[in-house]
Each structure stands twice: as C-alpha cells, then as structure tokens.
Amino acid sequence: MKPTNIENPEHFHKVIDCQFACPAHTPVPEYIRLISQGKYDEAYAINWESNVFPGILGRICDRPCEPACRRTRVEETPVAICRLKRVAADNKNQATSFTPEVPDKKNGKKIGLIGGGPASLTVARDLLLLGYEIDLYDDQSKAGGFVRTQVPSFRLPEKVLNEEIDRILDMGVTTFFDTYVDNIKQIVDKNYDAIFVATGAPRGRDLPDLPGRIDGNESIFIGIEWLAAVLYRHVTSTPQKVIVLGGGNTAMDCCRMARRLGGEDVQVFVRSPRSDMKASPWEIEDAEEEGIPIVDNHSPLEFVIKDGKLTGMNFEKMTATYNNDGRRTLVPAGEPSVFVPCDLVLLAVGQQNAFPWITSESGIEMNKRGLPIVDKVTHQSTVPNIFFGGDAAFGPKNVITAVAHGHQAAISIDLFCRGKSLDDRPAPSTSLISQKLDMHDWLYDSNVSEDKRSAVPTIDKVKSLHDRLLEVELGYGKKTGHKEAMRCLNCDVETVFDYSTCIECESCVDVCPVSCINFTENGDEEDLRDRLLAPADNRDQPLYVSAILPTDRVMVKDENVCLHCGLCAERCPTASWEMMKFTYNSAQAGKK
Amino acid sequence: MSHAHPNFRHPKQPENDAGYTRRDYEGAISTLCAGCGHDSTTNAIIQACFELNVEPHRVVKISGIGCSSKTPAYFLSRSHGFNSVHGRMPSIATGANMANRDLLYIGISGDGDTASIGMGQFAHALRRNLNLNYICMNNGCYGLTKGQDSATADRGSASKKGIPNPYESIDLCELAIELGASYVARGFSGDKKQLVPLLKGAMAHNGLAFIDVISPCVTFNNTASSTKSYHYVREHIETTNTFDFVPLQQEILTHYDEGTSQEVTMHDGSIIHLHKVDSSKDLTSRQKAVNNLEKEKEKGRFLTGLLYVNPQIEETHDLINSTLYPLNTLTEEDLCPGSEILDRINSALR
Ligand SMILES: Cc1ncc(C[n+]2csc(CCOP(=O)(O)OP(=O)(O)O)c2C)c(N)n1
Ligand code: SF4
Ligand code: SF4
Ligand code: SF4
Ligand SMILES: [Mg+2]
C-alpha cells in the first residue's frame, strides 16, 4: 500500500466513529471530554454550533453515533453519547447566552422558509449570522414542527423545546404562524432571493381498505394527528382498551401516551417480527417498562363493529421467511384469526410526504414517488432558487438528519445568493495538535475506563403514568455524567507516526493492548489485512501505513480497535508515535 | 503516565489449543525504559508460551538482579516466580528443579548477572545440563546500575559514557557449548520472527537450553559507538539457518531438499528443521559449532540462530538418578520404605 496521507482529513475523520456516523458530524469526543472536566457551557456550545438543538437531541435523537461507538467493538455497550449531550444542556449556566452576535447590517438578501421544523430553523440560524433576512411560514401557532406536535412531553418537556427554538427565533426571524401555504406561488410571488421548503412528511398512512374502517371512524385515529390533538388538548382521555398498530417510534409514543390518558389495557400490534421493528430499541424497552405488550407477527384483518360501535380487531398470524439475499416475505401462518377487543385504535403505520400545494406550474419537478427532484448534496430543486430539506426532501428520517440538511441547504443558499457555483462548497476546518505535556503525560486523560454504561434514572412509574407532562427520564446527575464521560475512548486523539525517527525496536507493538501495530513487509490492502497480528476485517476502519523503514518493512496500524490509550507513544524511545488531537468541524455557510 | 495496561483486548484474540488467549500469558505493565530490548524479549517469551500451549500454572520463572531480571514481573503473571540475588538464578533454579522436575523452568538473567557475578553459577548449571531454559538478555552493560560495561561488551565498544572498553569480551554461547549445554542459540530482541521459534525449540528441549538474546539498552548502550545498539546489530547480523519448529502431533507439510536441511528430533518428539545456508555446518557437533562462531567473529559478524543442539545428552536428573516424581507427590511409603530396605542399604555400606 502507499503510505497513508494523514493530511487528508478523511483518514482520521473515519477513526472518530461517532462523529463520522453523526449526520451533522458533531465533535463528540471533544464535548464529552469537556463534560468530564465539568465545562458544561463549552460542551453545550460545541453542540449548539454543530447540531443546533442539544437539549432536544440529548433526549430524542435517533443516535446513529451510538451503534458506531468504538467501545462496542471492545465491550458490550457504547458510551451514552446522547444522554451526555443532555448532561451538558441540563447543567449549563442558566445565565449564559449562547446566541452569537447577529449583524445589524443586513446583506440585502431575503429568504423564505416554509415549515418551522428543525431543518428550517437550522437554515435560519446559519443565515441570520451572515446578515440574511429570514421569513418563516408555518401552519401551526408555534415553531418546532413535528418535534413539537408529535413528540410527547414525557419524552421532551415543552420548556426544553421552547428554549432552543426561541433562541433562534429571537435572533430575528420574522414569523408567519397559523399560515397554511396552499400554493407555493403565494411565496414565490413575494420575490425571495431563495426559498427553503421543509414541511416534513405530514401525512400519516391510513388503512382505508380494511373492513370496518368507515363504520369505526369515530374510534380510529391516525397516530400523528392524535398526538397533535393531545398536545392542543382536543383529546384529553382514552377509553380503557386501546390498540396501536405499527412498529415505529410513533407507535411507541402513541401507546405510551394512551397509557397516560386512561388506557389500562394498551397493546401494540406489529405485522413483522419484533427484530424488524423500526422503533429504536430503547423506545421499545420504555414502552414495555410501562406495561405495554408488543405483539409481533400479527397482521390486521378487520375492524370489528357491533351496533355501529368499534368492539375490537381481528388479526391474522404471520410468519416471516427470508430468501437467499436476506429479503423478507411475510406469509400467513395458517392459524385461525385472533380477535382482540378494544375501544380505540391508533394507526402508526408510516408517514408520507404530501405536496398538494406544489403545482406543476411552479416548475418544481417531482419523481415517481411523488417527491421533489432534489440534489443530494446541494438540496437544490429543479427551480434554482428553491431548496428542500428535512423529511420533505428525501422522505421521513430523523431530527439530526434534518439539521444536517439545514446546514447544507444554508451553504447552498449562501453560495447561490452570492452568485457562486453550488459545487464550490467550503471544506471542513481541521487541525492536528500535539497532546504532549511530558515524556509520559498527555493533555487528555489517557486511562481507559472499564466501567459499564450507567443506566439513566427515571421518575416513579405510577407518578409518570398519571401526568403526561412529566418527563420520564431524569437524566444523569453530574457524578454519573462524569463517570459515563470517562468511558469515552478519546477517538479524536490520534496516534501519529513518524517513520523517519523510528528505530524499529517494536516496543509499541509489544505494549499495544489490542495488537493494532505491526511491522511487516508491504503488500496490497487485502494481503496486509490478511496477515496482521490480529484480524483486521473491519473495512469501515482504515489501515495506517508508513513509508518504507530501514529494514525494508512498513509500519501498519489497523485503526479498528485502537483504544487511544497512548501506550505506544509512551513506550516509544524516539517519540516516533505522538498523540495528537484531530479536530474536524463540518463546514457551515459563510465559512471559507 | 500510564501505570496500568487497559484490560480490553482485540475482540478476535485467538485461543490456543490449551484454551488460553495471549493475554493469559501477559504480566504487569513494564517499568523498564521505553524502547528497552528486554521488553521485546519478554514479548517473544509470551508469544512462544502461547504458541506452545503451555499452561501458565506449570511454569516457574526465576531471575537474578538487573533490568533483565525484573522482566519476570512482565510476563506470565499466573506462574510461579522467584526473583533471587545477583548472579544466583542458577542455584535457585537448580533447587526448584530438583524438587519438582515436572514444571517448565524459565531462568532470566542479564549479561552482568551471568558473565560477571554469576559466572561460577552459570558454569556449573551448564556442566550439569540442568533442565532449564536459561535466557540471557545481553545488552553489553549493567543497565540497572546506569550502564557500566559488562563482560560481554566488545573490545573497543563505547557506551553512553564514551570510553571504549579495553577488555576482550566473553562469548557466552561459546562457553555454553564448551561447558555442556545441550541447546545453544543466539537471537536478537528486534527479530521476533527468529526469536520466537528459538524459544519454542528451547522449551521443547530437555536439558540446559541457553539463549543469548542481544537486547539493546536504549538508555545507556544504544550509541553509534556501541556494538550492541539496534543499528549496529542489524547491520552485522548473520544467521546460521532459518528454522522451522514443528511441535509434536503436527504434520510436516514442507518438503526439504536433501543436504540443505538438517532434522533434529527433540526429547518430546517435536522436530526442528534447519534450513542451512551452508550445508557443511553440522549443528550437532560441538567443535564445528564453536568454529562457526569464531569464523563469523573474525569477519566482525554476529552469528545468530540455533548454534548447537544435542538432544542425546542426559540432564541432571538422569545423571544423578533422582526420583521420577516431584517431591511433593511422594508419600510416606515412598520416603520411608521400611526397616528391611534400610537394613539392606546399611549392610551395603558396611
Ligand atoms: C551482590 C550485588 N552486587 C552488585 C549489585 C549491583 N547491581 C545491580 S544490577 C547489576 C548489574 C546488572 O547487569 P545485567 O545483569 O546485565 O542486567 P541489565 O540491567 O543490563 O539488564 C549490578 C552490578 C547487586 N545488586 N548485588
Ligand atoms: S516504539 Fe517507536 S522506535 Fe520503536 S518501533 Fe515503535 S515507533 Fe519505532
Ligand atoms: S493508542 Fe497505541 S497502544 Fe493504545 S491501543 Fe492505540 S495503537 Fe495500541
Ligand atoms: S537501563 Fe537499559 S536495560 Fe535497563 S530498562 Fe533502561 S534500556 Fe532497558
Ligand atoms: Mg545487561
């Protein structure tokens, strides 16, 4: 292999597994280290800059970072990255303002945002800082989008939501609430320099053809609409027996909400096997914790109506078969159907995009699936000054993806307004800084904690089931937060090798607890991966290869399970290994 | 500064046939200087024990005094150990070995510990062909006491102090061959590919296996003027042979051309295959082995690899006809066979 070029930021970027997996590339190890030092304000600020909603995401993020965490490759559980974000948000100084200066002098460009969810708010924040004027349109009375209308307060208290949303609105967004845009022409006619559409995936799927659907209409609700109705107190109670259909996070929110509004016997029915459920494992656990059975492999057959009233549902039992390439088919198990009595059914069987307000005369072209044709990188639609982001762009995803979209769209809008090519995107800003204090002392805490992941304390169940506004999770306290933060393996502190001073004593090889380092004859990647000291079969993690050494060998390090413990650098007599902190900040609008 | 080794290991760390992972052969974190050759030698020992499926609790580590003699703390923490006095490793090893012949003995010493204060002990252990793996970590100096020249420092070699050594050096391998060791090898801490098989061969060998491991002292004797620096050794190394160690019960898969290879069957049935550069070198002849060493020395080269092996020589227990069983397994009946036998012995002595 050719010697690794560590000047290319992508090498070490990949080594920081969590940051790499995060759609917004939040500098996770850095904020965790700050938490371990009790610097909550700084930890919060790093998050806010990158993901805009630390307090919100610290509660409800889908956490793609956690399954990626390096710790899962050396022990069972990842660092509680998400809950640590909340530790920063909960413990930051209430008096600290995290709002940076918004320029008084505007740049003369005006942007219209349609939809007030996380994607739009991210665009607003990024562009306000550059002197843009922002108008925001939403059909609700408050901003936040689905994070407000769909996510129940017992998972995300309104106070936390308001704090982070108002911070952006207070930066100078002109809002037009309770304004449903029924034709995009209304906005186009206002002659904005650019328009950003982030209206989510507002339509909950129905089961219109299931027998009994029409007759039972009074007792059958679309999950997301029902949750919004609860928020606005149009719904304040449920009957005792409730069935929730669906296996995603919305289904989990619906069933847990039903438990709080009087549902004693709440059950979730899922067509597929449990292992295929879309909901996050922790959401499923929380629902079960509240005494809600999740019944899998049951496909709905009909709503049973007696005397014009819903009395229950019939289900058919299914079995899943998998063909050679792992594709699943569900087939009836051939057993008699199962009747389950109930007084209320909530449908949480998926969400769809809907753009009845975007007509063909707008020039925005749609694809076969009814989604706008949008560039994956620039977020530009077929109309040059109209951009899309969030669930509205590529279908339902999650909040952190919407934030990442917002950043990218803001970059594009800024380039567009300045007459630059949208492909001329700013590069991430990176730095590599030595952590050396002394022969054996580092600026970071190199000890590897062997503590297991700490559980998040929760409020008493009886209490929380009586009050839908009470947050279930209490969050880590400072002490547990510190302990959890210490579990982070500092994946941003990189081992940097200088082949020109190495005397090939192999002390580093000997001391490495996980056998990452090798001195061997060079070969191509396949060959090298095959004959390293320890199996190097995780292709998501790169090999780090040096130039040819005096013995005609090369140093090859498999980055896969390096603990960033610094022992190699401590044992090297010639300081050929050095621990250096690699900082990677994704580009944002206006950066060079 | 890290005082502890993290406990996490590679998730796919293999197990050997005895059910152990390499970690089971590790010890405490080393406190030697960063880059010390002794740490690499230690690791080669760990690797050899792992590959040979040695059971850690059936190993005894004994050492004298010196940085080298500290290393038993850094490997096989689940074995028996005794850190003795300067130069006295061989007598402690002899005593232990006499008491229990069933265990694997690893004696660790340094060039100071062996070639100066311990010379007398060394000579007699060789002479008796004690069943011991005698590993001398040779750095040409007294590392622990700040780098004074040792008796293995070459004439003219200068350590960090900068004063060339005026005396002739002692070649411990030559001595070992002459005084009765039955397995003699030289390795280099910086070449584990060669060192690990040499150690495995030694462990499979019955009798005194002496391994002189050139193991640079980075702190006091890794200078440009030293003949025991990493650089100098790499430049002047010569190898007798490459080496295949085929443990007992393993099929021999390689084909060896006649004349270029020598096969030596070890006591336990394992086989050593030597691929010789020069087929005239017979490694079972004492005289030729010494000649080989001298010839390379004249050229200013170090000869490494297996230098001499003779599995036929009897070890101490055979020589003194001692009991076949560890002393702690002997019963009262074994030890006091009755007055009839005592009478017989007494009458034989009259
Ligand atoms: C009886 C006695 N005399 C002298 C010493 C001082 N002393 C300690 S270690 C050592 C030499 C060690 O040299 P070597 O065996 O080569 O070990 P190294 O440190 O080089 O590995 C000496 C002379 C001692 N500890 N005990
Ligand atoms: S410890 Fe340092 S000098 Fe020794 S092999 Fe490793 S990098 Fe090279
Ligand atoms: S920091 Fe160095 S010693 Fe520690 S795990 Fe990584 S490569 Fe191994
Ligand atoms: S003084 Fe020399 S022999 Fe002793 S630990 Fe340091 S480098 Fe090794
Ligand atoms: Mg020495």
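The model shown is predicted, which means the values in this text are computed figures rather than measured ones.

1. Points about the overall build of chain A
Then, in step 1: Each helix and strand in chain A was counted, giving 21 helices and 24 strands.
Then, in step 2: Whereas a compact globule of 592 residues would reach a radius of gyration of roughly 25 Å, chain A reaches 27 Å, a difference of no more than 12%.
Then, in step 3: By principal-axis analysis of the C-alpha atoms, chain A measures approximately 90 × 65 × 50 Å.
Then, in step 4: The buried share of chain A, taken over its 592 residues, is 57%.
Then, in step 5: Carbon and sulfur atoms make up 49% of the accessible area of chain A, which totals about 24,800 Å².
Then, in step 6: The centroid of the 67 positive side-chain charges in chain A is displaced by 3 Å from the centroid of its 86 negative side-chain charges.

2. So, the side chain of Asn-221 of chain B
Residue and element names in this part refer to chain B.
Then, in step 1: Relative to the helices and strands, Asn-221 resides in the loop between β8 (209-214) and α8 (230-236).
Then, in step 2: There is a polar contact of 2.8 Å between the side chain of Asn-221 and the backbone oxygen of Asn-139.
Then, in step 3: Apart from residues lying up to four places away in sequence, Asn-221 is in contact with Asn-139, Gly-140, Cys-141, Ala-158, Ser-159, Ser-226, Lys-228 and Ser-229.

3. Some remarks on the pairing of strand β24 (residues 577-585) of chain A
Residues and elements named next belong to chain A.
Then, in step 1: Where strand β17 (residues 429-434) lies against β24, six bridges are found, and the strand directions are antiparallel. By the bridge assignment, Thr-430 is partnered in β24 with Tyr-584.
Then, in step 2: Relative to β24, strand β20 (residues 493-497) is paired through five bridges, and the arrangement is antiparallel. Across the sheet, the residue bridging to Val-493 is Lys-581, located in β24.

4. Describing the pairing of strand β10 (residues 298-306) of chain A
Residues and elements named next belong to chain A.
Then, in step 1: Bridge analysis of β10 against strand β11 (residues 309-322) gives eight bridges, and the strand direction is antiparallel. Its bridge partner lying in β11, His-298 is registered against Lys-317.
Then, in step 2: Once β10 ends, the chain turns through two residues before running back antiparallel as β11, passing Asp-307 with a positive phi of about 50 degrees.

5. Digging into the site of ligand 4
Then, in step 1: Around ligand 4, a shell composed of Leu-32, Cys-33, Cys-36, His-38, Cys-67, Asn-139, Gly-143, Cys-217, Val-218, Thr-219 and Phe-220 of chain B is seen.
Then, in step 2: When its residues are assigned to classes, the shell around ligand 4 shows seven nonpolar, four polar and no charged.

6. So, the coordination of the magnesium ion (ligand 5)
All names here are of chain B.
Then, in step 1: For the magnesium ion (ligand 5), every protein donor is listed as Asp-111 (OD), Asn-139 (OD1) and Cys-141 (O), and the spread of their distances is 2.0 to 2.2 Å.
Then, in step 2: Read in sequence order, the donor residues coordinating the magnesium ion (ligand 5) give the pattern D-x27-N-x1-C. Each member of the pair, Asn-139 together with Cys-141, is buried.

7. So, the packing of helix α3 (residues 28-36) of chain A against helix α4 (residues 40-51) of chain A
Residues and elements named next belong to chain A.
Then, in step 1: Where α3 meets α4, the closest approach of the two axes is 7 Å, and the angle between their N-to-C directions is 165 degrees. Between α3 and α4, the angle falls in the class roughly antiparallel. The way α3 lies across α4 gives a crossing that is left-handed. For the pair formed by α3 and α4, the contact residues are Glu-30, Tyr-31, Leu-34 and Ile-35 on the first element and Tyr-40, Glu-42, Ala-43, Ile-46 and Asn-47 on the second.
Then, in step 2: Classifying every residue of the contact of α3 with α4 by side-chain character gives six nonpolar, one polar and two charged.

8. Here we look at the pattern of salt bridges
Residues and elements named next belong to chain A.
Then, in step 1: This model, assessed by the stated rule, comprises 59 salt bridges over all chains.
Then, in step 2: With its nearest N and O atoms 2.8 Å apart, the salt bridge here joins Lys-557 to Glu-559.
Then, in step 3: On the basis of relative accessibility, which here comes to 0%, the residue Glu-559 falls in the buried class.
Then, in step 4: It is possible to trace a salt-bridge network through shared partners that takes in Arg-71, Glu-75, Glu-76, Lys-452, Glu-484 and Arg-487.

9. Some thoughts on the packing of aromatic side chains
Residues and elements named next belong to chain A.
Then, in step 1: All chains considered together, the criterion is met by 20 aromatic pairs over all chains.
Then, in step 2: Consider the rings of Phe-582 and Tyr-584, whose centres lie 6.4 Å apart with planes at 50 degrees: the pair is tilted. Of the two residues, Phe-582 and Tyr-584, both sit in the buried class.
Then, in step 3: Grouping aromatic residues by their ring pairs yields a cluster made of Phe-12, Phe-497, Phe-519, Tyr-544, Trp-577, Phe-582 and Tyr-584.
Then, in step 4: Lying across the ring of Trp-282, Arg-63 places its NZ or CZ 3.6 Å from the centre.

10. Things to note about the environment of Cys-49 of chain B
Residue and element names in this part refer to chain B.
Then, in step 1: Position of Cys-49 among the secondary structure elements: in helix α1 (residues 37-51).
Then, in step 2: For the pair Cys-49 and Lys-12, spaced 37 residues apart in the sequence, the C-alpha separation amounts to 19 Å.
Then, in step 3: Apart from residues lying up to four places away in sequence, Cys-49 is in contact with Tyr-25, Val-54, Leu-76, Ile-106 and Met-203.

11. Some thoughts on the interface of chain B and chain A
Then, in step 1: Chain B puts 28 residues into the contact, and the matching count from chain A is 33 residues.
Then, in step 2: Inspection of the chain B/chain A interface yields five salt bridges.
Then, in step 3: Residue Lys-193 of chain B pairs with Glu-521 of chain A through a salt bridge whose shortest N-O separation is 3.7 Å.
Then, in step 4: Along the contact surface separating chain B from chain A lie 16 residue pairs in polar contact (both at pLDDT 80 or more).
Then, in step 5: For the side of chain B that touches chain A, the secondary structure elements donating two or more residues are α1, α7 (192-204) and α8 of chain B.
Then, in step 6: Counting residues per element, the side of chain B that touches chain A draws most heavily on α1 of chain B, which supplies three residues.

12. Here's the deal with the site of ligand 2
Then, in step 1: Contacts to ligand 2 come from 14 residues, most closely from Cys-502, Cys-505, Glu-506, Cys-508 and Cys-572 of chain A.
Then, in step 2: Residue composition of the shell around ligand 2, by class: nine nonpolar, three polar and two charged.

13. Thoughts on the domain arrangement of chain A
Residues and elements named next belong to chain A.
Then, in step 1: For chain A, the domain assignment lists domain 1 (110-202 + 353-417) and domain 2 (204-351).
Then, in step 2: Spacing between the C-alpha centres of domain 1 and domain 2 amounts to 31 Å.
Then, in step 3: Summed over both partners, the interface of domain 1 with domain 2 buries about 1,200 Å², with 53% contributed by carbon and sulfur atoms.
Then, in step 4: It is Gln-150, Phe-154 and Arg-155 that lose the most area in domain 1 upon contact with domain 2, and together they represent 47% of the buried surface on that side.
Then, in step 5: On inspection of domain 1 and its partner domain 2, the count reaches two salt bridges.
Then, in step 6: Between Arg-155 and Glu-283 there is a salt bridge, and its shortest N-O distance comes to 3.0 Å.
Then, in step 7: For the interface between domain 1 and domain 2, the tally reads five residue pairs in polar contact (both at pLDDT 80 or more).
Then, in step 8: Classifying every residue of the side of domain 1 that touches domain 2 by side-chain character gives seven nonpolar, five polar and two charged.

14. Examining helix α9 (residues 286-298) of chain B
All names here are of chain B.
Then, in step 1: Look at α9: 19 Å from first C-alpha to last across 13 residues, which is about the 18 Å you get at 1.5 Å a residue.
Then, in step 2: Looking at the packing, one finds that the buried side of α9 touches α6 (172-179), β7 (183-188), β9 (237-239) and β13 (302-309).
Then, in step 3: Within two residues after α9, Gly-300 carries a phi angle of roughly 80 degrees, on the positive side.

15. Details of the sheet that holds strand β21 (residues 517-520) of chain A
Residue and element names in this part refer to chain A.
Then, in step 1: The strand order across the open sheet formed by three strands is β21-β23-β22, and the pairing between neighbours is antiparallel. Bordering the open sheet on either side are β21 and β22 (543-545), each of which pairs with just one other strand. The average angle at which neighbouring strand axes cross in this sheet is 25 degrees, direction not considered.
Then, in step 2: In terms of strand pairing, β21 meets strand β23 (residues 554-558) through four bridges, oriented antiparallel.

Scoring rules and cut-offs
- Residues numbered from 1 in each chain as written.
- Chains lettered and ligands numbered in written order.
- Predicted model: local features only at pLDDT ≥ 70, side-chain atom pairs only at ≥ 80, totals over all residues.
- Heavy atoms only, no water.
- Helix = DSSP H or I, 4+ residues; strand = E, 2+ residues; numbered from the N terminus.
- Rg over C-alpha atoms; globule rule 2.2 N^0.38 Å.
- Buried < 20%, exposed > 50% of the residue type's maximum accessible area, 1.4 Å probe, protein only.
- Areas by Shrake-Rupley, 256 points an atom, 1.4 Å probe, with all protein chains shown as cover.
- Lys, Arg positive; Asp, Glu negative; His and termini not counted.
- Charge placed at Lys NZ, Arg CZ, Asp CG, Glu CD.
- Polar contact = N/O pair within 3.5 Å; in protein donor to acceptor, adjacent residues only side chain to side chain.
- Contact = heavy atoms within 4.5 Å.
- Pairing = 2+ DSSP bridges.
- Near = heavy atom within 4 Å.
- Nonpolar A, V, L, I, M, F, W, Y, C, P; charged D, E, K, R; others polar.
- Donors = N, O, S within 2.8 Å, 3.2 Å for Na, K, Ca; no water.
- Axes fitted to C-alpha atoms, helices over the stretch in contact; angles between N-to-C directions.
- Parallel < 35°, antiparallel > 145°, perpendicular 65-115°, else oblique.
- Left-handed = near helix turned anticlockwise from the far one by under 90°.
- Salt bridge = Lys/Arg side-chain N within 4 Å of Asp/Glu carboxyl O.
- Phe/Tyr/Trp six-rings, centres within 6.5 Å; stacked < 30°, edge-to-face > 60°.
- Lys NZ or Arg CZ within 6 Å of the ring centre and 35° of its normal.
- Domains from an automatic or database assignment.
- Buried area = accessible area lost by both parts, 1.4 Å probe.
- Expected span 1.5 Å × (residues − 1).

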